[in-house]
Amino acid sequence: MNARNWIDLAQDADTGIESIRAHFRGHAYDPHWHDSFLVGVTEQGVQQFHCRRMKHVSTPGKAILLEPGELHDGHAPTEDGFTYSMLYLDPRWLERELHALFEHAPADSQPSFADTLSTDRYLSGAIFRAFHALHERELRIVRQSAIDDLLATMTGHLHWRKRANPDPRLPLVAQIARDYLHAHFAQDIGLDELAAVCAVDRFRLSRAFKSAFGLAPHAYLIQLRLAKARQQLARGDSPADVACALGFADQSHLGRWFRRAYQLTPADYRRRCSKLPD
């Protein structure tokens, strides 16, 4: 993290929701994805990013909505950079809360955002209030009320997608490869091995996988390990133990990739989430 950029991160003990307020100038972060739903607001400047194969430009007051697994990057095209506030919502928690609050949510379906950017000022306001209630550790009743208001406002921007495995929108070979990576993420997987599992050659596999997920298989595997690393660090595991458990060569190898994706060191992320010493 250079002197021009900063990140302020906290985690709510009751819900596990992470709240991040950050400022970046120039390049913010490389393409990556999260295993959470992200809802945030651009506070200042111009926030430029790619997602869903499109370039998006968010300016003050716009809401940003990202689903788990959606590849995105970050860049400040203007000299003064950008500032944003973001909430990271666990998918299992979100689905449970939505089904509890809205009894007409269809069964065997998962929520999905209709758009990546929104100019709905009610949504932006709900995100902003929930962010500050959680980030500033307001009374529990205040936090819960702000979260309920956010969920109620979000429903106007959600649609319910039928769970499907395999997903008819994606090439089957890419889904087989993805499932194999998820099942063996800590192993030293070779491209030949992955291609053999999919019954195709390496070149067809790479083309299909990148077309489906926007990343080559090796890059996807790294992002998967980083998502797992966030979970383990947040619960207090040491960076060295996390690196060993997830197949990184060593702690410094984990640290290089973690900083590129999140602009934080693993030790700093662990400290901010778990309140444990480094």
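Cut-off values and rules
- Residues numbered from 1 in each chain as written.
- Predicted model: local features only at pLDDT ≥ 70, side-chain atom pairs only at ≥ 80, totals over all residues.
- Heavy atoms only, no water.
- Phe/Tyr/Trp six-rings, centres within 6.5 Å; stacked < 30°, edge-to-face > 60°.
- Helix = DSSP H or I, 4+ residues; strand = E, 2+ residues; numbered from the N terminus.
- Lys NZ or Arg CZ within 6 Å of the ring centre and 35° of its normal.
- Axes fitted to C-alpha atoms, helices over the stretch in contact; angles between N-to-C directions.
- Parallel < 35°, antiparallel > 145°, perpendicular 65-115°, else oblique.
- Left-handed = near helix turned anticlockwise from the far one by under 90°.
- Contact = heavy atoms within 4.5 Å.
- Nonpolar A, V, L, I, M, F, W, Y, C, P; charged D, E, K, R; others polar.
- Core = buried A, V, L, I, M, F, W, Y, C linked by side-chain atoms within 4.5 Å.
- Buried < 20%, exposed > 50% of the residue type's maximum accessible area, 1.4 Å probe, protein only.
- Pairing = 2+ DSSP bridges.
- Patch = residues over 30% accessible without salt bridge, like charges linked within 9 Å, V, L, I, M, F, W, Y side chains within 5 Å.
- Areas by Shrake-Rupley, 256 points an atom, 1.4 Å probe, with all protein chains shown as cover.
- Salt bridge = Lys/Arg side-chain N within 4 Å of Asp/Glu carboxyl O.
- 1 Å grid on protein atoms, 1.4 Å probe; cavity = no way out; pocket = protein on both sides within 12 Å on 5 of 7 lines; lining within 4 Å.
- Points joined across faces, edges and corners; volume = space filled by probe spheres on them.

A.B. asks: Describe the packing of aromatic side chains, naming the residues involved and giving the relevant values.
C.D. replies: For the coordinates displayed, the defined rule picks out eleven aromatic pairs. Centre to centre, the rings of F209 and Y220 are 5.3 Å apart; their planes meet at 85 degrees, and the pair counts as edge-to-face. With F209 in helix α6 (residues 202-213) and Y220 in helix α7 (residues 217-234), this residue pair connects regions lying eleven residues apart in the sequence. One aromatic cluster in this structure is built from F24, Y29, F82 and Y84. The ring of F248 has R225 sitting right over it, with the charged end atom 5.9 Å from the ring centre. The side chain of R230 reaches across the aromatic face of Y262, ending 4.5 Å from its centre.

A.B. asks: Describe the packing of helix α2 (residues 121-135) against helix α3 (residues 140-154), and please don't skip the residues or the numbers.
C.D. replies: Closest axis-to-axis distance for the α2/α3 pair is 9 Å, and the angle between their directions is 155 degrees. Comparing their axes, α3 and α2 come out roughly antiparallel. Two packed elements cross with a definite hand, and for α2 against α3 that hand is left-handed. Across the interface between the two elements, Y122, L123, A126, I127, R129, A130, A133 and L134 from α2 touch V142, R143, A146, I147, D149, L150, T153 and M154 from α3. A breakdown of the residues in the contact of α2 with α3 according to their chemical character gives twelve nonpolar, one polar and three charged.

A.B. asks: Explain the packing of helix α5 (residues 191-198) against α6 to me, and be specific about the residues and the numbers.
C.D. replies: Relative orientation and spacing of two packed helices are given, respectively, by the angle between their axes and the distance between those axes. Axis separation between α5 and α6 bottoms out at 9 Å; the angle between their running directions is 85 degrees. Judged by the angle between their axes, α5 and α6 are roughly perpendicular. Between α5 and α6, the residues in contact are L191, D192, L194, A195 and C198 and R202, L205 and S206, respectively. Considered class by class, the residues forming the contact of α5 with α6 number five nonpolar, one polar and two charged.

A.B. asks: Tell me about the nonpolar core, and please be specific about residues and values.
C.D. replies: By size, the foremost hydrophobic cluster in this structure holds 57 residues, and its most contacted members are F24, L205, L226, L254, F258 and Y269. Ranked by residue count, the leading element in this core is α7, at ten residues. Among residues more than four places away in sequence, those in contact with L226 are F248, L254, W257, F258, A261 and Y262.

A.B. asks: A description of the sheet that holds strand β11 (residues 117-118) should follow, citing residues and the corresponding values.
C.D. replies: Taken in spatial order, the six strands line up as β1-β2-β9-β4-β7-β11 in an open sheet, and their pairing is antiparallel. Either end of the sheet is taken by a strand with one partner, and the two such strands are β1 (6-11) and β11. Both strand β7 (residues 63-66) and β11 contribute to a ladder of two bridges, which runs antiparallel. By the bridge assignment for β11, I64 is matched with L117.

A.B. asks: Describe a nonpolar patch on the surface, with residues and values.
C.D. replies: On the surface, L139, I141 and V142 cluster together into a nonpolar patch covering about 310 Å² of accessible area. Looking at the secondary structure, you find I141 in helix α3.

A.B. asks: Would you mind going over unusual backbone geometry in detail, with residue names and values included?
C.D. replies: Located in the positive-phi region is R52, a residue other than glycine, with phi close to 55 degrees. Looking at where R52 falls in the secondary structure, it is placed in the loop between β5 (47-51) and β6 (54-58). Positioned with a positive phi, R137 is a non-glycine residue whose angle comes to about 55 degrees. By secondary structure assignment, the location of R137 is in the loop between α2 and α3.

A.B. asks: Lay out the layout of surface pockets in plain terms, naming residues and giving numbers.
C.D. replies: The space that makes up the second largest pocket amounts to roughly 160 Å³. Taken together, L181, Q187, D188, I189, G190, L191, L194, S206, P217, H218, L221 and R225 make up the lining of the second largest pocket. Only α5 and α7 provide two or more residues apiece to the lining of the second largest pocket. Ranked by residue count, the leading element in the lining of the second largest pocket is α7, at four residues. Residues of the lining of the second largest pocket, tallied by class, amount to six nonpolar, four polar and two charged.

A.B. asks: Tell me what's going on with the side chain of Q223, and back it up with residues and numbers.
C.D. replies: The topology assignment puts Q223 in helix α7. Given the relative accessible area of 6%, Q223 is considered buried.

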